[in-house]
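Architecture at a glance
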Amino acid sequence: MSRLDRRGDVALIDLLDRLLDTGVVLTGDITLSVAGVDLVYVGLRALIASVETTKEMKWDAALREAPQPTPIENR
Amino acid sequence: MNLYVYGIVPGDTNFEDERGIRDEEVFVITEGSLGAICSRIDHQSLTPNEEDLWAHERVLEHVMERGPVLPARFGSVLLDRSHVAGILSERAHVFEQQLSKLDGKVEVGIRALRPYDHDQGSEEPSDGRSYMLNKLAQQKAEEAETKRAQELWEKVHAFVEGTFADHSVKLIPNRSVAFSATYLVDAGTADDFVDRIDEDQLPDDVELFFTGPWPPYSFVDDGELVR
């Protein structure tokens, strides 16, 4: 049996790390809507973890301790 | 209608019947030798949630089985086809270079739970001196934990030395994790890669978690790509 977790809780945390902190940034203005407010950020992890909605998801303590996000300028 | 972009691929990549975020049909917009994997999205911003994050990942996994892909950051929404084509042609050189570097590669994540007592509950300092002593003790404890995390990572790393193309590691990224490392390996070797790590040879209280194989998110060279 494979030791690699593809869809479990730890995979979800790793997915979040990757999707929000890595990968090609195609445009200067990645806009995610969090708690009904549109925000332009590159380092989104801490921000997203801080809102109520994610509490339902099984993010671990990891996310609550992430560094503060850095706003980037709109193009 | 805007376009959600999942990643960049060589222009001749083909795939069928794939559904993306909000169950929208996935298609490729080509420009020169490159293509962008897209689906329609009706708003320029989206709310990150578990379902959409996995939809993004599933599309990339589907593409990854067919050829190289540069994963895009979650939430990459462009205006229309000409906006997508413009970015592809403007940065064609960098995208081609990155695609060739990451061709045939996937990444594997290794996370080690911290086997240390990290109870932060110390007594309220009663005066300045005890406050400073507490601070000092805390700093020393942190240094010792970082050292232990580094040593633990080095032990794990030794098992896989020479079997990967690239790697990166974060020590103590948060209170519950000793290290979080990611390795770029040849596609099809991810299981063999983690099987080299013999947990019996690590301290009993260490717990490792392996994830992947992932598209090579962490190894896109963002020196030139991030604005």
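Residues numbered from 1 in each chain as written. Chains lettered and ligands numbered in written order. Predicted model: local features only at pLDDT ≥ 70, side-chain atom pairs only at ≥ 80, totals over all residues. Heavy atoms only, no water.

**A closer look at the sheet that holds strand S7 (residues 166-174) of chain B**
- Ordered by their spatial adjacency, five strands build an open sheet running S1(A)-S9(B)-S6(B)-S8(B)-S7(B), and the pairing between neighbours is mixed. If you trace the sheet from one side to the other, it starts and ends with strand S1 (4-5) of chain A together with S7 of chain B, each paired once.
- Relative to strand S9 (residues 207-214) of chain B, S1(A) runs parallel, the two sharing two bridges. Bridge assignment links Leu4(A) to a residue of S9(B), and that residue is Phe210(B). (Pairing = 2+ DSSP bridges. Helix = DSSP H or I, 4+ residues; strand = E, 2+ residues; numbered from the N terminus.)

**Side note on the pairing of strand S3 (residues 34-41) of chain B**
All names here are of chain B.
- Most of S3 is tucked away: seven of the eight residues are buried.
- Relative to S3, strand S1 (residues 2-10) runs antiparallel, the two sharing eight bridges. Looking at S3, one finds that Val 9 is bridged to Gly 35.
- Inspection of the sheet shows strand S2 (residues 27-31) paired to S3 by five bridges, in the antiparallel sense. (Buried < 20%, exposed > 50% of the residue type's maximum accessible area, 1.4 Å probe, protein only.)

**Concerning unusual backbone geometry**
- The omega torsion across Gly212(B) and Pro213(B) is -5°, close enough to zero to call that bond cis.
- As for its position among the elements, Pro213(B) is in strand S9.

**Observations regarding the pattern of salt bridges**
- All chains considered together, the criterion is met by twelve salt bridges over all chains.
- Of the charged contacts in the structure, one is a salt bridge between Asp14(A) and Arg111(B), with a shortest N-O distance of 2.6 Å. Remark: Arg111(B) occurs in strand S6 (residues 105-113) and Asp14(A) occurs in helix H1 (residues 9-21); the pair is interchain, linking two chains. Side by side, Asp14(A) and Arg111(B) carry an identical accessibility label, which is buried.
- Here Lys105(B) and Asp186(B) are joined by a salt bridge, their closest N and O atoms 3.1 Å apart. With Lys105(B) in strand S6 and Asp186(B) in strand S8 (residues 177-186), the pair connects residues that are 81 residues apart, well separated along the chain.
- In this structure, a network of salt bridges that share partners links the residues Asp14(A), Asp17(A), Arg18(A), Glu107(B) and Arg111(B). (Salt bridge = Lys/Arg side-chain N within 4 Å of Asp/Glu carboxyl O.)

**Considerations on the packing of aromatic side chains**
All names here are of chain B.
- On inspection of all chains with the given rule, the structure shows four aromatic pairs over all chains.
- On the numbers, 5.0 Å between centres and 70° between planes, the contact of Phe 164 with Tyr 183 is edge-to-face. Highlighted residues: Phe 164 in the loop between helix H4 (128-160) and S7 and Tyr 183 in strand S8, separated in sequence by 19 residues. Here Phe 164 and Tyr 183 have matching classes, each one buried.
- By way of ring pairs, the aromatic residues Tyr 4, Tyr 6 and Phe 74 are connected into one cluster. (Phe/Tyr/Trp six-rings, centres within 6.5 Å; stacked < 30°, edge-to-face > 60°.)

**A few points about the nonpolar core**
All names here are of chain B.
- One finds Ile 37, Phe 74, Ile 110, Phe 179, Tyr 183, Phe 193 and Leu 208 to be the most contacted residues of the largest nonpolar core, which totals 52 residues.
- With seven residues, the single largest contributor to this core is helix H1 (residues 50-64).
- Formed by 22 residues, the second largest nonpolar core is a distinct cluster that contains Ile 8, Leu 70, Ile 87 and Leu 88. (Core = buried A, V, L, I, M, F, W, Y, C linked by side-chain atoms within 4.5 Å.)

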